[in-house]
Amino acid sequence: MNKLKVGVLASGRGSNFKAIVQKVDNARVEVLIVDNPDARAIAIAKEFDIPCKVVDRKKFDDKFSFEREIINILELYKVELIALAGFMRILSSNFVEHFKWKIMNIHPSLLPSFPGLNAQKQALDYGVKVSGCTVHFVDAGTDTGPIILQSVVPVLDDDDPETLSARILEEEHKIYPFAITLFAQNRLIVDGRKVRIKDA
Ligand code: GRF
């Protein structure tokens, strides 16, 4: 079977990266790119023998040359899908256009509610009774692209950001690998704001 070539971009812990590596059968992570030399995701790449490239923003004069380096690596590995997994930088519209509808992200809320940072705390502060996570294609906005999959969890009265994050993270580790599996099966069709799943 010809596996889809995936590149993962991460900045931190890397638990979604690990879930993708372990759970997606019809795709292969060809390369992990981190913008942070201390990212814990680097150790996971070593564990699974996946090439890892550190592209440290501080070493580049501007965003353009930083992103150019990332594009060069992705092209070198012939990546067909980019999965953002806790990547803490906003990609320019140039980058997003370059890989149109070939970049996915996971966000720990039910978008369009609570985009941006600290989504779980935003949900708690607002007082919602359910929250969850969203896998979406990336467009030029922040967490605004067409939604592929969502999963819902309850918000409990005694939740704090840590307990809610842990409950949501379990769902993240299910729906992100599933969304990539569907992409690799060519079953995701972007139609305006909607993502249709063929033969759902
Ligand atoms: C996850 O909560 C994800 O939804 C958000 O950043 C976090 C990354 O966690 N985008 P990890 O590095 O995958 O463990």
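Residues numbered from 1 in each chain as written. Predicted model: local features only at pLDDT ≥ 70, side-chain atom pairs only at ≥ 80, totals over all residues. Heavy atoms only, no water.

Brief notes about the site of the ligand
Reasoning step 1: The ligand sits among Arg-13, Gly-14, Ser-15, Asn-16, Gly-86, Ile-106, His-107, Pro-108 and Glu-172.
Reasoning step 2: Between an oxygen atom of the ligand and a side-chain N or O atom of Arg-13, the distance comes to 2.6 Å.
Reasoning step 3: Contact with the protein chains covers 86% of the free accessible surface of the ligand, which is 370 Å².
Reasoning step 4: A molecule is said to occupy a pocket when more than half its atoms come within 2 Å of that pocket's grid points, and by this definition the ligand occupies the largest pocket.
Reasoning step 5: When grouped by side-chain class, the residues that make up the shell around the ligand number two nonpolar, five polar and two charged. (Near = heavy atom within 4 Å. Polar contact = N/O pair within 3.5 Å; in protein donor to acceptor, adjacent residues only side chain to side chain. Areas by Shrake-Rupley, 256 points an atom, 1.4 Å probe, with all protein chains shown as cover. 1 Å grid on protein atoms, 1.4 Å probe; cavity = no way out; pocket = protein on both sides within 12 Å on 5 of 7 lines; lining within 4 Å. Sits in = over half its atoms within 2 Å of the grid points. Nonpolar A, V, L, I, M, F, W, Y, C, P; charged D, E, K, R; others polar.)

Looking at the pattern of salt bridges
Reasoning step 1: By the definition in use, this model includes eight salt bridges.
Reasoning step 2: The partner of Arg-196 in a salt bridge is Asp-191, and the shortest N-O contact between them spans 2.9 Å.
Reasoning step 3: Looking at Arg-196, the relative accessible area reads 43%, which means it is partly exposed.
Reasoning step 4: With relative accessibility at 38%, the residue Asp-191 sits in the partly exposed group. (Salt bridge = Lys/Arg side-chain N within 4 Å of Asp/Glu carboxyl O. Buried < 20%, exposed > 50% of the residue type's maximum accessible area, 1.4 Å probe, protein only.)

Notes on the environment of Gly-12
Reasoning step 1: Within the fold, Gly-12 resides in the loop between strand 1 (4-10) and helix 1 (15-23).
Reasoning step 2: Measuring from C-alpha to C-alpha, the distance between Gly-12 and Pro-37 comes to 9.5 Å, with 25 residues separating the pair along the chain. (Helix = DSSP H or I, 4+ residues; strand = E, 2+ residues; numbered from the N terminus.)

Here's the deal with the layout of surface pockets
Reasoning step 1: In this structure, the largest pocket encloses a volume near 980 Å³.
Reasoning step 2: Forming the boundary of the largest pocket are 37 residues, of which Gly-86, Phe-87, Met-88, Ile-106 and Pro-108 lie nearest the centre.
Reasoning step 3: Going through the elements one at a time, helix 1, strand 5 (103-107), helix 5 (119-126) and helix 6 (161-184) are the ones with two or more residues in the lining of the largest pocket.
Reasoning step 4: Of the residues forming the lining of the largest pocket, the biggest block, four residues, is contributed by helix 6.
Reasoning step 5: A per-class count over the lining of the largest pocket returns 15 nonpolar, 17 polar and five charged.
Reasoning step 6: Taken together, Lys-3, Ile-20, Val-21, Val-24, Ala-27, Arg-28, Val-29, Glu-30, Phe-48, Asp-49, Ile-50 and Pro-51 make up the full set of residues lining the second largest pocket.
Reasoning step 7: For the lining of the second largest pocket, the secondary-structure elements that each account for two or more residues are helix 1 and strand 2 (27-34).
Reasoning step 8: At four residues, the largest contribution of residues to the lining of the second largest pocket is made by strand 2.
Reasoning step 9: Of the residues belonging to the lining of the second largest pocket, the class tally is eight nonpolar, no polar and four charged. (Points joined across faces, edges and corners; volume = space filled by probe spheres on them.)

Some points on unusual backbone geometry
Of all residues except glycine, most have a negative phi; of all peptide bonds, most are trans.
Reasoning step 1: Cis geometry is adopted by the peptide bond preceding Pro-112, which originates at Leu-111 and carries an omega value of 15°.
Reasoning step 2: The topology assignment puts Pro-112 in the loop between strand 5 and helix 5.
Reasoning step 3: For Asp-143, which is not glycine, the phi torsion reads 60° and is therefore positive.
Reasoning step 4: Mapped onto the elements of the fold, Asp-143 is located in the loop between strand 6 (130-137) and strand 7 (147-154).
Reasoning step 5: For Asp-143, a relative accessible area of 15% corresponds to the buried category.

Some details on helix 3 (residues 63-76)
Reasoning step 1: Here helix 3 contains 14 residues, and its C-alpha end-to-end distance of 20 Å stays within 8% of the 20 Å for a straight helix at 1.5 Å per residue.
Reasoning step 2: Listing the buried residues of helix 3 in full gives Phe-66, Glu-67, Ile-70, Ile-71, Ile-73 and Leu-74. Along the axis of helix 3, the buried positions cluster into a sector of 160°, meaning they face one direction only. Counted as exposed and oriented over 90 degrees from the buried face of helix 3: Phe-64 and Leu-76.
Reasoning step 3: Its buried side turned inward, helix 3 meets strand 1, strand 2, strand 3 (52-54), strand 4 (81-84) and helix 4 (93-98).
Reasoning step 4: The positive-phi residue at the C-terminal boundary of helix 3 is Lys-78, with phi of around 55°. (Expected span 1.5 Å × (residues − 1). Arc of directions from axis to C-beta. Contact = heavy atoms within 4.5 Å.)

Overview of the packing of helix 1 against helix 6
Reasoning step 1: Helix 6 packs onto helix 1 with a crossing angle of 50° between their chain directions and a minimal axis gap of 9 Å. In terms of axis orientation, helix 1 runs oblique to helix 6. The chirality of how helix 1 crosses helix 6 is right-handed. Between helix 1 and helix 6, the contacting residues are Ser-15, Asn-16, Ala-19, Ile-20 and Lys-23 on the first element and Leu-169, Glu-172, His-173, Lys-174, Tyr-176, Pro-177 and Ile-180 on the second. (Axes fitted to C-alpha atoms, helices over the stretch in contact; angles between N-to-C directions. Parallel < 35°, antiparallel > 145°, perpendicular 65-115°, else oblique. Left-handed = near helix turned anticlockwise from the far one by under 90°.)

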